[in-house]
Amino acid sequence: MAFKATTPNEVAERLNKGETLSLLDVREQDEWMEGHVAGAKHIPLGELDLRLNELDPNHELIVICRSGNRSRMACEFLSEKGFHVVNMTGGLSAWTSNLVRD
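Residues numbered from 1 in each chain as written. Predicted model: local features only at pLDDT ≥ 70, side-chain atom pairs only at ≥ 80, totals over all residues. Heavy atoms only, no water.

Some details on helix α1 (residues 8–16)
Thinking step 1. Restricting attention to buried positions, one finds in α1 the residues Pro-8, Val-11 and Ala-12. Along the long axis of α1, the arc covered by the buried residues comes to 100°, so they all point the same way.
Thinking step 2. On the buried face of α1, the contacting elements are β1 (4–6), β2 (22–25), β4 (61–64) and β5 (85–88).
Thinking step 3. Immediately beyond the C-terminal end of α1, within one or two residues, lies Gly-18, with a positive phi of roughly 95°. (Buried < 20%, exposed > 50% of the residue type's maximum accessible area, 1.4 Å probe, protein only. Helix = DSSP H or I, 4+ residues; strand = E, 2+ residues; numbered from the N terminus. Arc of directions from axis to C-beta. Contact = heavy atoms within 4.5 Å.)

Right, here's the structure in full:
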């Protein structure tokens, strides 16, 4: 099943313009703690099937990981479940805007 893709720069530009985006970070907890995009929801890839109820199928979801591989897998899974997903290709290793730690 096909889904859209976006780049880290496109996502950062949209956020900087004040757009409200639904971001899903599927990295592991230690990666999340090292830094993530402000406002992103964190559900590690391995927990996704157990936590689908935390996601809104009516909103486009931009899926993020370190390099774009896990987010692609998450997009494949979520699109099969009826979610509207966009894979952020290149992942956070290509992210040039600020990350937050909390």
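Description of helix α3 (residues 69–80)
Thinking step 1. If you check α3, its first and last C-alpha atoms are 17 Å apart, about what 12 residues at 1.5 Å a residue would give, namely 16 Å.
Thinking step 2. Next to the buried residues of α3 lie β2, α2 (29–34), β4 and β5.
Thinking step 3. Phi turns positive, to about 95°, at Gly-82, one or two residues after α3. (Expected span 1.5 Å × (residues − 1).)

Focus on the state of the cysteines
Thinking step 1. This structure, assessed with the given rule, holds 0 disulfides.
Thinking step 2. No disulfide involves Cys-65; its sulfur sits 9.1 Å from the nearest other cysteine sulfur, which is in Cys-75.
Thinking step 3. On the basis of relative accessible area, Cys-65 is assigned to the buried category, the value being 1%.
Thinking step 4. When its relative accessible area of 0% is taken as the criterion, Cys-75 is described as buried. (Disulfide = S-S within 2.5 Å.)

A closer look at the environment of Thr-96
Thinking step 1. By the secondary structure assignment, Thr-96 is in the segment after β5.
Thinking step 2. For Thr-96, a relative accessible area of 65% puts it in the exposed group.
Thinking step 3. For the pair formed by Thr-96 and Thr-7, sequence separation is 89 residues and the distance between their alpha carbons is 11 Å.
Thinking step 4. Separated by 3.5 Å, the side chains of Thr-96 and Asn-9 make a polar contact. (Polar contact = N/O pair within 3.5 Å; in protein donor to acceptor, adjacent residues only side chain to side chain.)

So, the sheet that holds β1
Thinking step 1. Taken together, 5 strands build an open sheet; the order of strands is β1-β5-β4-β2-β3 and the sheet is parallel. Strands with a single pairing partner mark the edges of an open sheet, and in this sheet they are β1 and β3 (41–42).
Thinking step 2. One ladder, built from 3 bridges, connects β1 with β5; its direction is parallel. The partner of Ala-5 across the bridge, within β5, is Asn-87.
Thinking step 3. Along the sheet, α1 contacts β1, β2, β4 and β5; its crossing angle with β1, the most-contacted strand, is approximately 75°.
Thinking step 4. The sheet contacts of α3 involve β2, β4 and β5, and relative to β5 the element is tilted by about 175°. (Pairing = 2+ DSSP bridges. Axes fitted to C-alpha atoms, helices over the stretch in contact; angles between N-to-C directions.)

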